[in-house]
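So the chains spell out like this:
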Amino acid sequence: DTGVSQNPRHKITKRGQNVTFRCDPISEHNRLYWYRQTLGQGPEFLTYFQNEAQLEKSRLLSDRFSAERPKGSFSTLEIQRTEQGDSAMYLCASRFPGQGIGGYTFGSGTRLTVV
Amino acid sequence: GIQVEQSPPDLILQEGANSTLRCNFSDSVNNLQWFHQNPWGQLINLFYIPSGTKQNGRLSATTVATERYSLLYISSSQTTDSGVYFCAPLDNYGQNFVFGPGTRLSVLP
């Protein structure tokens, strides 16, 4: 297992289009997290899953955003009707609770540019 | 929610120099992590340090939870240390990190 995998690495889209990102966590990690990082800032929490259940959503996650984790494996994050303000790096992380916080592992992210 | 401040915002060092990065947080925390984000965007765990001191090679970290700050020390810096260093306590529910704004470090050869 090579870690948390995110695809695509880069996405350029026109304003108003829909985009979907994928995250494949480390296989035994049952918790999966999405964060958003805008230029020059630290990452901000969006949502997290335990297995297939979405347990928490940040108020940053507007109704244009939806995340799923069918079967508790990979996760997708969809943004509908993209806006220029959605341009950011979208980071996925996973962990196995028994490892503690030190087991939190981030992927390399998907960089979204909305033009 | 927890507020996190980091200083300095930017730091330029000559290779071989030492540095201290500081993180202040607004509330008591039970968990705190230091991360390094490399120039390619990858976030790497450095230390889980809710209190006390830990060392790993040229890096060490100290958290004084009662005074609500944490320090990251980098000794004999190398160009590969360049990137952004984030301090991130867990939120009050213990699941999600609250990241500070980061310290951008550039180590020159």
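Each chain has its residues counted from 1, following the order in which its sequence is written. For naming, the first written chain is A and the first written ligand is 1, with later ones following in the order written. In keeping with the predicted nature of the model, local features appear solely for residues at pLDDT of at least 70, side-chain atom pairs appear and are counted solely at 80 or more, and the whole-chain, interface and lining totals rest on all residues. The basis for every side-chain value is the complete set of heavy atoms in the structure, and neither hydrogens nor water enter the calculation.

Enquirer: Describe the sheet that holds strand β1 (residues 4-7) of chain B, listing the residues and the values that go with them.
Expert: Paired through their backbone hydrogen bonds, the strands of a sheet run either parallel or antiparallel. Residues and elements named next belong to chain B. At least two bridges found by DSSP between two strands is the condition for calling them paired. Numbering goes from the N terminus for both helices and strands, where a helix is a DSSP run of H or I of at least four residues and a strand is a run of E of at least two. As summarised here, the arrangement of the five strands in space is β1-β3-β8-β7-β6, forming an open sheet in which the pairing is antiparallel. A strand with exactly one partner marks an edge of an open sheet, and here the two such strands are β1 and β6 (52-56). When the angles between neighbouring strand axes are averaged without regard to direction, this sheet yields 15°. Bridge analysis of β1 against strand β3 (residues 19-25) gives four bridges, and the strand direction is antiparallel. By the bridge assignment for β3, S7 is matched with R22. Helix axes use the C-alpha atoms of the stretch in contact, all axes being lines fitted to C-alpha atoms, and the angles between their N-to-C directions lie in the range 0 to 180 degrees.

Enquirer: Could you give an account of the interface of chain A and chain B, naming the residues involved and the relevant values?
Expert: Every contact between the two is made by 20 residues of chain A and, on the other side, 21 residues of chain B. Both faces combined, the contact of chain A with chain B buries some 1600 Å², and carbon together with sulfur accounts for 49% of it. Think of a salt bridge as a Lys or Arg side-chain nitrogen and an Asp or Glu carboxyl oxygen that are within 4 Å of each other. For the pair chain A and chain B, the interface holds zero salt bridges. Elements with a minimum of two residues in the side of chain A that touches chain B: β4 (31-37), β5 (44-50) and β9 (88-95) of chain A. Looking at which element gives the most residues to the side of chain A that touches chain B, the answer is β4 of chain A, with four residues. Classes in brief: Ala, Val, Leu, Ile, Met, Phe, Trp, Tyr, Cys and Pro nonpolar; Asp, Glu, Lys and Arg charged; the others, Gly included, polar. Class assignment for the residues of the side of chain A that touches chain B results in nine nonpolar, seven polar and four charged. We call two residues contacting when some pair of their heavy atoms lies within 4.5 Å. By convention, the term buried area covers the 1.4 Å-probe accessible surface removed from two parts as they join, with the contributions of both added.

Enquirer: Hey, could you go over the state of the cysteines for me, with residue numbers and the actual values?
Expert: For the purposes of this analysis, a disulfide is any pair of cysteine sulfur atoms at a distance within 2.5 Å. Taken as a whole and judged by the stated rule, the model has two disulfides over all chains. Sulfur-sulfur distance for the disulfide between C23 of chain A and C92 of chain A comes to 1.9 Å. Measuring the twist about the S-S bond at about -65°, one finds the C23 of chain A-C92 of chain A disulfide to be left-handed. Taken together, the positions of C23 of chain A in strand β3 (residues 19-24) and C92 of chain A in strand β9 put the pair 69 residues apart, joining distant regions of the chain. The disulfide partner of C23 of chain B is C87 of chain B, and the S-S distance across this bridge is 1.9 Å. Judged by the sign of its S-S torsion, about -50°, the bond between C23 of chain B and C87 of chain B is left-handed. Taken together, the residues span a long stretch of sequence, with C23 of chain B in strand β3 and C87 of chain B in strand β9 (residues 83-89) at a distance of 64 residues. As far as burial versus exposure is concerned, C23 of chain B and C87 of chain B are alike and both buried. Burial classification: accessible surface area is computed with a 1.4 Å probe over protein chains only, and a residue below 20% of its type maximum counts as buried, one above 50% as exposed, and the rest as partly exposed.

Enquirer: If you had to explain the sheet that holds strand β7 (residues 65-68) of chain A to someone new, which residues and values would you point to?
Expert: All names here are of chain A. Read from one edge of the open sheet, four strands run β1-β3-β8-β7, paired in antiparallel fashion. Across the chains shown, the open sheet's two edge strands, defined by having one partner strand only, are β1 (5-7) and β7. The average undirected angle you get between the axes of adjacent strands in this sheet is 15°. Note: β7 against strand β8 (residues 75-79), four bridges, orientation antiparallel. Of the residues in β8, the one forming a bridge with F65 is I79.

Enquirer: Quick one: what's the story with the nonpolar core, residue by residue and with numbers?
Expert: Membership of the largest hydrophobic core comes to 20 residues, with the highest contact counts inside it found for L32, W34, L72 and L105 of chain B. Counting only elements with at least two residues in this core, the list comes to β2 (10-14), β3, β4 (32-37), β7 (59-64), β8 (69-74), β9 and β10 (103-108) of chain B. It is β3 of chain B that contributes the most residues to this core, three residues altogether. Leave out the neighbours within four places in its chain, and L72 of chain B touches S19, T20, L21, W34, L46, F47, S60, A61 and Y85 of chain B. To define a nonpolar core, start from buried Ala, Val, Leu, Ile, Met, Phe, Trp, Tyr and Cys residues and group those joined through side-chain atoms within 4.5 Å. In terms of nonpolar packing, the next biggest core, distinct from the first, is built from 19 residues, V4, L32, L46 and L77 of chain A among them.

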